[in-house]
Amino acid sequence: MHQAVGTSAAMGFPIAVFNTLGFVFSGWAVEGLPAGALGYVHTYAWLTLASASVLMAPWGAKAAHSLPVKPLKRIFALVLVCLAAYMFGKAAGWV
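Residues numbered from 1 in each chain as written. Predicted model: local features only at pLDDT ≥ 70, side-chain atom pairs only at ≥ 80, totals over all residues. Heavy atoms only, no water.

S.K.: How should I be thinking about the overall build of the protein in this particular structure?
M.R.: Across its full length, the protein holds three helices and two strands. Its helices and strands in sequence order give the protein the pattern α-β-β-α-α, from N to C terminus. By the compact-globule yardstick of 12 Å for 95 residues, the protein is too spread out, its C-alpha radius of gyration being 17 Å. The dimensions of the protein, computed from C-alpha atoms along their principal axes, are 50 × 35 × 20 Å. Looking at the protein as a whole, 7% of its 95 residues qualify as buried. Taking as baseline every contact in the protein between residues at least 6 positions apart, the subset at least 24 positions apart corresponds to 28%. (Helix = DSSP H or I, 4+ residues; strand = E, 2+ residues; numbered from the N terminus. Rg over C-alpha atoms; globule rule 2.2 N^0.38 Å. Buried < 20%, exposed > 50% of the residue type's maximum accessible area, 1.4 Å probe, protein only. Contact = heavy atoms within 4.5 Å.)

S.K.: Please explain the confidence of the model for the protein as it appears in this structure.
M.R.: Close inspection of predicted coordinates is inappropriate for parts of the model with low pLDDT. In the predicted model, the protein carries a mean pLDDT of 91, and the fraction of residues at 70 or more is 98%. For the protein, the element scoring lowest by mean pLDDT is helix H1 (residues 2-26), at 88; strand S2 (residues 41-42) scores highest, at 96. (pLDDT = per-residue confidence, 0-100.)

S.K.: What am I meant to see in the environment of Ala-92 here?
M.R.: Here Ala-92 shows up in helix H3 (residues 69-92). Since its relative accessible area comes to 37%, Ala-92 is described here as partly exposed.

S.K.: Could you clarify how one ought to interpret helix H2 (residues 43-66) in this entry?
M.R.: Since one α-helical turn is 3.6 residues long, residues separated by three or four positions face the same way. The terminal C-alpha atoms of H2, which comprises 24 residues, lie 35 Å apart, in line with the 34 Å expected from a rise of 1.5 Å per residue. Of all the bends in H2, the greatest, near 40°, is centred on Met-56, and the proline Pro-58 appears no more than four residues after it. (Expected span 1.5 Å × (residues − 1). Bend = angle between axes of the 7 residues up to and from the residue.)

S.K.: Explain a nonpolar patch on the surface to me, please; I cannot follow it from the model alone.
M.R.: Residues Leu-67, Ile-75, Phe-76, Val-79, Leu-80, Leu-83, Tyr-86, Met-87, Phe-88, Trp-94 and Val-95 make up a contiguous nonpolar surface patch of about 1,200 Å² in total accessible area. As for its position among the elements, Val-95 is in the segment after H3. Residue Val-95 is classed as exposed on the basis of its relative accessible area, which comes to 60%. (Patch = residues over 30% accessible without salt bridge, like charges linked within 9 Å, V, L, I, M, F, W, Y side chains within 5 Å. Areas by Shrake-Rupley, 256 points an atom, 1.4 Å probe, with all protein chains shown as cover. Salt bridge = Lys/Arg side-chain N within 4 Å of Asp/Glu carboxyl O.)

S.K.: Whenever I open this one, the environment of Pro-14 confuses me. Can you help?
M.R.: Tracing the chain through its elements places Pro-14 in helix H1. The class of Pro-14 is partly exposed, set by a relative accessible area of 31%. Here the alpha-carbon distance between Pro-14 and Ala-35, two residues 21 residues apart in the chain, equals 27 Å.

This is the structure in structure tokens:
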């Protein structure tokens, strides 16, 4: 589980960079976007989320390495079940 968290974190960064660039370039010539937008990326929101991620990453890594594997797996499974229920509810029109 610890190796999976590390691999996910390592692969998440380049995915986020290329997706951000894609949203910037695809929305570059779109008119009517809010002030502070760079393409489809709202600069202030992006800076806030990026800053929070950078500040919280060490705490998340420390927690991942200090928690036993079994509770980590259960928490991960619970998050997946909640996301699946939300997506199902949204697709069914309940949410």
